[in-house]
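Descriptive analysis of the structure
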Amino acid sequence: MGEVMKMKTVCRSCHGGCGVIAHVNGGKVVKVEGDPDSPISHGAMCTKGLAITQVAYHPDRVLHPMKKTDKGWHRISWDEALDTTAARFSEVIDKYGPEAIIVGQGTGRDYESHFSRFGNLLGTPNILTAGHMCYLSRTGATLITCGNLPVCDYENNPECIVMWAVNPLWTNPDEYKGVNFWRAYEKGAKLIVIDPRKDFLSKRADLWLQVRPGTDAALAMGFFNVIIEEELYDRDFVLAHVHGWDAFVERVKMDYPLKRVEEITWVQQDLIRKAARLYATTKPAGIHWGVPTEQTNNCTDFTRIAVGLMAATGNLDAPGGNVFHVPPPVRKVSEFSAHKALSAEQQQKRLGGEQYKLGARMTFITPKCAWDAILAEKPYPVKAGYLVGTNPVVSRANAGEVYRALKKLDFLAISDFFLTPTAELADIFLPAGTWLEQNHVSENWKRHGYVLARQKVVEIGECWQDHKIFMELGKRMGQQWWDTVEDALGWLLEPTGLTWEQFKKIGYLRGDMRYYKYKERGFSTPTRKVELHSSILDKWGFDPLPKYTEIPESPVSRPDMVEKYPYILNAGFRTPTFFHSANRNIPWLREIRPDPIVEIHPETAAHHGIEEGDWVWIESPRGRAKERAKLNDGIDPRVIVAEHGWWYPEMNSPDHGWDISNINMLTDNSHESMDPVMGATNLRVLLCNISPCEDE
Amino acid sequence: MEKVSLTFKKKDCMGCHACEVACKQEHQLGVGPRLVRVIEKISDYIPIYCHHCAKPPRKEACPVDAITRNEQGIVLINNDLCIGCKECLQACRQGARAEVSGLCPCGVEEVKKLTGTHLIAA
């Protein structure tokens, strides 16, 4: 054993950005631990980050470029991989135009700037990301409502925290880390939890609202009903800074009396009233919300109503409320992305852009449009794809259609760590570096006010960090990039006066935070006010006021289906060890959670003769998946809760069991089921039935 | 010598399982031995770990006296004496509950050096 060298870097096993100290011995990372000096994670790490050495040095990891022939996968050089990919893309561009190439990513491994730049310089408007129903959709809805994403300001000790459809102690960090919430909670903040499941936080909560899955927007209108009726709003703020207040009040009074809200949400009126009072009368108070509210047809409207609550209670951009963090003066992801390089003519070709106008403004497409263009070649054919760190046959709705579409592409290049079921459909595999193998000004796209130095700790095999792959492939296609990854980072850092080497030593930068910024310049919306009546949606021909729209497949909207599919499926349950479809092959993590879990109320299970640990078929009109039963008396007997992201890396066949326990075999991606302005897919709430697996 | 202990606040366990992976990494363990384990009993999370009991049932159960408790209050297994019979696992209330397969050795690295006693995963 040689000497252990310790290097600071930043995790990216999820979206966390937690500070890490990597222990390196003989050119190999032997251990990672949390960095107590990290300004955002304060030394905490989760299972996913702690297991990075088992990802990086996994025996199945692909360490060199490969191409697929009739005889399977073969090792090739980077030159051959990139030349082949560039040549195939050029053929497609010559014949069909650049819009016939889909450029896609998953949740992104912190290369969004490079990913978007590659797509824009390629000339394709067809950028396929999770953004239509995750984070970017949240951001888009806040941009048109109050000009920026309001983040719960744990640092300034909210006295009341509303944890709305999220558990930051387990997942979904984005701007947030569980440790910061926990510190604020431990200081005595009141806690309101809105969650269909009883769990650690709902048991700790002062008030737990067990909402019918997917009806959060109606519940938020119920909050407003109480706040308006009892005049608990900040009158001065509303008068000065809210656009459309009177019309909105009218809608709340007309359409959302508490009795009706209770019918929609299953939450008792008294409880809604108590929660609304607690939130509105405790100052400061913050709302922290997660993806479940985005992954339905109410995506945009829920976020708009939530922003309304923050505004009406005077908590917007107030310390300890929901604030707009000021970024450090590095160049923005949007500038690096070169969105202006995409011509107006190409922008107009964005698939679904005419329909999903807010999604198009956020520069993404909804996946359904991509699958339609591939399979039906409408409105024009899509022939090739470049998918980066994404496994859509497992993670996107209506997985059967996704699989058929990707299989039909003339050419598909994939960049990833492992041969996932999606990667197995590709023609070229480009081996990507993990966060241990990445230099980056990280977290630049987030709205928490920091950038952090992720520095390359090791190189493994022939893997390249994705940023370099985008650059080198782009250069082969005549695109303008920097000579090296680090040169590009230098350009990002230029306004700070720091070089990449200097930034690495400092570790992080924080913007100069100020509060109540609207007092000087208003909000960044067309009226300079918080737009409860959205002038942008109005201009586009959508309902300018937010509302709850019934879930497209529910006992309310589809009583005709209830006999065959009597339960509400709450799909996509997240667990701490996995990040979407990742980590099922990581021994330390799979040992903790060996099987996909479906939670069933004991009464419901008994009705079907299902016992704890039994394998269960979950079925919808679109397909079925099997998961292992766990009985949970903390859910409503009418609700079934199922994990997402499951495939079986240990299965040696190229499909790796992608269709066995994949909850997205059941989900719907029809246009009717989506958010009408964003194009958010409903990955969360649908009707299902259950039955014991007879063959197990 | 001052008593040392590893404290779990059971009521604050939120089921993140990070302690399990941290333990595996620290002691270079693969799949199998689980020196600490969080049991999920909906909707409770119960961390199971070595309590380093004052009168360890494991010590009582060991036929070859490989298990001792030192002056710091740490229960240790002497690797050289252990015959691998796993009687101790049966005897331990914590271990039997959750198939926790060994004694948590965290925080005793220095003790190891001082005493020359080895810690093992059964």
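Structure: see above.
First, a word on scope: everything that follows refers to the structure included in this document. Per chain, residue numbering runs from 1 following the sequence as it is written. Working convention: letters from A go to chains and numbers from 1 go to ligands, in the order in which they are written. This being a predicted model, a pLDDT of at least 70 is required before a residue's local features are given, and a value of 80 or more before pairs of side-chain atoms are given or counted; all residues contribute to the totals for chains, interfaces and linings. Each side-chain value is derived from all of the structure's non-hydrogen atoms; neither hydrogens nor water enter the calculation.

1. A short note on the overall build of chain A
Note on conventions: DSSP H or I runs of at least 4 residues are helices, E runs of at least 2 residues are strands, and numbering of each starts at the N terminus. From N to C terminus, chain A includes 26 helices and 27 strands. For 696 residues, the compact-globule estimate of 2.2 N^0.38 gives 26 Å, and the C-alpha radius of gyration of chain A, at 24 Å, lies within 12% of that figure. Expressed along its principal axes, the backbone C-alpha trace of chain A runs to roughly 70 × 65 × 55 Å. Each residue's exposure class comes from its accessible area (1.4 Å probe, protein chains only) as a fraction of the maximum for that residue type: buried when under 20%, exposed when over 50%, partly exposed otherwise. The buried share of chain A, taken over its 696 residues, is 67%. Sequence separation of 24 or more characterises 75% of the internal contacts of chain A that already satisfy a separation of 6 or more. Using a 1.4 Å probe, the Shrake-Rupley method yields the accessible areas, and only the shown protein chains count as cover for residues. A total accessible area of about 24100 Å² is found for chain A, and carbon and sulfur atoms account for 49% of it. Charge centroids of chain A, computed over 80 positive and 89 negative side chains, lie 3 Å from each other. Each radius of gyration is computed over the set of C-alpha atoms, and the globule rule expresses the reference value as 2.2 Å times the number of residues to the power 0.38. Any two residues having at least one pair of non-hydrogen atoms within 4.5 Å are treated as being in contact. His is not counted, nor are the chain ends; Lys and Arg add positive charge and Asp and Glu add negative charge. A charge is said to be at NZ when it belongs to Lys, at CZ for Arg, at CG for Asp and at CD for Glu.

2. Considerations on a nonpolar patch on the surface
Only residues above 30% relative accessible area that lack a salt bridge enter a patch, with like-charged residues linked at up to 9 Å and the nonpolar side chains Val, Leu, Ile, Met, Phe, Trp and Tyr linked at up to 5 Å. Any carboxyl oxygen of Asp or Glu that lies within 4 Å of a side-chain nitrogen of Lys or Arg is treated as forming a salt bridge with it. The grouping of Val64, Leu81 and Ile83 of chain B at the surface amounts to a nonpolar patch, some 250 Å² of accessible area in total. Turning to its location among the elements, isoleucine 83 of chain B is positioned in the loop between β4 (75-77) and α3 (87-91).

3. Points about the environment of arginine 204 of chain A
Note that arginine 204 of chain A resides in helix α7 (residues 200-204). With 11 residues separating them along the chain, arginine 204 of chain A and valine 193 of chain A place their C-alpha atoms 8.8 Å apart. Once you skip the residues sitting within four places of it in the chain, arginine 204 of chain A turns out to touch Trp182, Tyr185 and Leu191 of chain A together with Lys11 and Asp12 of chain B. Identification of polar contacts relies on pairs of N or O atoms within 3.5 Å, with a donor-acceptor requirement for protein atoms, meaning one able to donate a hydrogen and the other able to accept it, and with residues adjacent in sequence counted only if both atoms are side-chain atoms. A distance of 2.5 Å separates the side chain of arginine 204 of chain A from the backbone oxygen of lysine 11 of chain B, its partner in a polar contact.

4. Observations regarding the sheet that holds strand β18 (residues 440-442) of chain A
Residue and element names in this part refer to chain A. Spatially, three strands are ordered β18-β19-β20 in an open sheet, and the strand pairing comes out antiparallel. Since the sheet does not close on itself, it has two edges, and those belong to β18 and β20 (508-510), each with one partner. Within this sheet the neighbouring strands show an average axis-to-axis angle of 20 degrees, counted without direction. We treat two strands as partners when DSSP finds at least two bridges between them. In the sheet, β18 pairs with strand β19 (residues 450-454) via three bridges, with the strands oriented antiparallel. Across the sheet, the residue bridging to valine 441 is alanine 453, located in β19. Fitted lines through C-alpha atoms serve as axes, helices being fitted only where they are in contact, and the angles separating the N-to-C directions of these axes extend from 0 to 180 degrees.

5. Comments concerning the interface of chain A and chain B
Counting from both sides, the interface comprises 27 residues of chain A and, opposite them, 25 residues of chain B. When two parts are brought into contact, each loses some accessible area as probed by a 1.4 Å sphere; the total of that loss over both is the buried area. Counting the surface chain A buries against chain B, the share from its top three residues, Trp588, Glu591 and Ile592 of chain A, is 27%. At the boundary of chain A and chain B, one finds six salt bridges. Where lysine 203 of chain A meets aspartate 44 of chain B, a salt bridge forms, and the shortest distance between an N and an O atom there is 2.3 Å. The tally of links from chain A across to chain B stands at 13 residue pairs in polar contact (both at pLDDT 80 or more). For the side of chain A that touches chain B, the secondary structure elements donating two or more residues are β3 (28-34), α1 (47-50), α6 (178-186), α7, α25 (587-592) and β25 (623-631) of chain A. Among the elements that line the side of chain A that touches chain B, the one with the most residues is α25 of chain A, at five residues. In the scheme used here, Gly and all other residues not listed as nonpolar or charged are polar, with Ala, Val, Leu, Ile, Met, Phe, Trp, Tyr, Cys and Pro taken as nonpolar and Asp, Glu, Lys and Arg as charged. Class assignment for the residues of the side of chain A that touches chain B results in 15 nonpolar, two polar and 10 charged.

6. Quick notes on the pairing of strand β9 (residues 160-164) of chain A
Residues and elements named next belong to chain A. Among the five residues in β9, five count as buried, and that is most of the element. Side chains Cys160, Val162 and Trp164 project from β9 onto one buried face, and the interleaved Ile161 and Met163 project onto a second face that is buried too. Across five bridges, the pairing between β9 and strand β10 (residues 190-194) is parallel. Bridging from a neighbouring strand, cysteine 160 pairs with lysine 190 of β10. If the strands point away from the viewer and the path from the first strand over the helix to the second runs clockwise, then the crossover is right-handed. Assessed by its sense of winding, the connection that carries the chain from β9 through α6 to β10 is right-handed. Here five bridges tie β9 to strand β13 (residues 285-289), and the two strands are oriented parallel to one another. Bridged to methionine 163 within β13 is histidine 288.

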